[in-house]
Amino acid sequence: MDTRRYDFLIVGAGLFGATFARIATDRGYRCLVAERRDVAGGNIRCEEIAGINVHRYGAHIFHTSDDEVWKFVSRYVDFNRFTNSPMARYGDKVYNLPFNMNTFCGLWGCTSPDEALAKLEEERADAASRLKANGVGEPRNLEEQALTLVGRDIYEKLIKGYTEKQWGRRCTELPAFIIRRLPVRLTFDNNYFNDKYQGIPVGGYNPLVDRLLEGSDVRLGCDFFEHREDLERVADKVVFTGKIDRYYGYCFGSLEYRSLRFEDEVLDKANYQGVAVVNYTEREPAWTRVIEHKHFECFGDDVYRNGRTVITREYPAEWCEGMEPFYPVNDDRNTRLYGRYKALADEENRVFFGGRLAEYRYYDMAPVVAQAMALADRIAPQKN
């Protein structure tokens, strides 16, 4: 191990670690980045297959209304005009997401906002009446919460099967807070996000990560836990982006996650489903969604310039050691357990924790960048 002194050891070359490294390096600090994988980028890593950039760990769309975050990432790469407009497939029919006038037209034949709102209110009132008849006040689980928000029709066709596959549990066994809000729009706008800025880096996310890591020393294929003593010895401070429970040796027990399995297929056709993401909302098939990657970067007739396409079927799975932890299971038990680990982290004065694994919460990309920027402002101010 290099015995040179570094200001920061950054554990993990994902978006949080790479963003912190870029800012700290620009401010005059020496950074060593240790990444257990053989490639940088974490879960936003792309891989070229059949001439198409494949989002290796699921669909990633950058979106934000934060001007500073957008200025920061745009400094290093150009973004294309991708707009997230996913579809939901139930049986042999497809519906727009989020729930909007196109959805209501497909479900109920509604052609005006007044018709759709009247039907929604009828569905909600029926759900509330049924709960009241069973002596239920506040919703006790995800199913009851969803029924009060959008009614039985939308719940059973577009929420129930997908959610139970995603979490591996019945909706009646999931806490209500998971689905406190469901976006409902009485417009024909298929843009899933409301943010000011949205897009995919031209050429995928790898160029962004590479630019963010320029100027840092990067050790790929370097597992922090296998070289912990040597790594910690060469740096003054540590920014840790891995699993917080593992950092503390699972002293309070293991936090739970849901994982994903990906199945790629190269097809000898130019256009498979006409959109980047289709959610499969019935209990079967076993996959939750199909991603057609070329639609992240090809628009209009450009879709047909490459006569092949790559699709990825995404299968949810229970996480176990050795699998990639994707989604924290933020129920009461895990929330309390994380609180105990966070209390230990708050007492540290040399180690700082950031990112989805270290903070045990699901982050979109823009908030990850914002959190890394905030940490850099706190512990890596501009050197004189």
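Figured I'd write up the structure that's included with this text.

Reading the values: rules and limits
Residues numbered from 1 in each chain as written. Predicted model: local features only at pLDDT ≥ 70, side-chain atom pairs only at ≥ 80, totals over all residues. Heavy atoms only, no water. 1 Å grid on protein atoms, 1.4 Å probe; cavity = no way out; pocket = protein on both sides within 12 Å on 5 of 7 lines; lining within 4 Å. Points joined across faces, edges and corners; volume = space filled by probe spheres on them. Helix = DSSP H or I, 4+ residues; strand = E, 2+ residues; numbered from the N terminus. Nonpolar A, V, L, I, M, F, W, Y, C, P; charged D, E, K, R; others polar. Pairing = 2+ DSSP bridges. Axes fitted to C-alpha atoms, helices over the stretch in contact; angles between N-to-C directions. Expected span 1.5 Å × (residues − 1). Buried < 20%, exposed > 50% of the residue type's maximum accessible area, 1.4 Å probe, protein only. Arc of directions from axis to C-beta. Contact = heavy atoms within 4.5 Å.

The next subject is the layout of surface pockets. The volume enclosed by the second largest pocket comes to roughly 300 Å³. Lining the second largest pocket are 17 residues, and of these Asp346, Phe352, Phe353, Leu375 and Arg378 sit closest to its centre. Contributions of two or more residues to the lining of the second largest pocket are made by helix H9 (332-346), strand E16 (351-353) and helix H10 (365-379). For the lining of the second largest pocket, a count of residues per class yields 10 nonpolar, 2 polar and 5 charged.

Moving on, we get to the sheet that holds strand E13 (residues 289-292). By way of backbone hydrogen bonds, the strands of a sheet pair with one another, either parallel or antiparallel. Strands sit in the order E7-E6-E12-E13-E14-E11-E15 across an open sheet of 7 strands; the sheet is mixed. Two strands in the sheet have a free side with no partner beyond their single neighbour: strand E7 (93-96) and strand E15 (327-328). In terms of strand pairing, strand E12 (residues 277-280) meets E13 through 3 bridges, oriented antiparallel. If you follow valine 278 over to E13, its bridge partner there is valine 290.

What follows deals with the sheet that holds strand E1 (residues 6-11). A sheet is described by the order of its strands in space; here 5 strands give the open sequence E9-E2-E1-E10-E16, paired in parallel fashion. Each end of this open sheet is capped by a strand with a single partner; those strands are strand E9 (217-220) and E16. The mean inter-strand angle of the sheet, taken between neighbouring strand axes irrespective of direction, is 20 degrees. Two elements, strand E10 (residues 235-240) and E16, share 3 bridges in a ladder whose sense is parallel. By the bridge assignment, valine 238 is partnered in E16 with valine 351.

Turning to its location among the elements, proline 325 is positioned in the loop between strand E14 (309-318) and E15. Spatially, the C-alpha atoms of proline 325 and threonine 83 are 27 Å apart, while their sequence positions differ by 242 residues.

Here helix H4 (residues 113-133) is 21 residues long and its end C-alpha atoms lie 30 Å apart, about the 30 Å a rise of 1.5 Å per residue gives. Taken together, the buried positions of H4 are occupied by Ala116, Leu120, Glu123, Ala127 and Leu131. Here the buried residues of H4 occupy an arc of 75 degrees about the axis, which is enough to place them on one side. Seen from the buried face of H4, the exposed residues on the opposite side, beyond 90 degrees, are Asp114, Glu122, Lys132 and Ala133. The inward-facing, buried residues of H4 abut helix H3 (101-108) and helix H5 (142-167). Just beyond H4, the residue with positive phi is glycine 135, at close to 75 degrees.

By themselves, these observations are geometric and do not establish any function.
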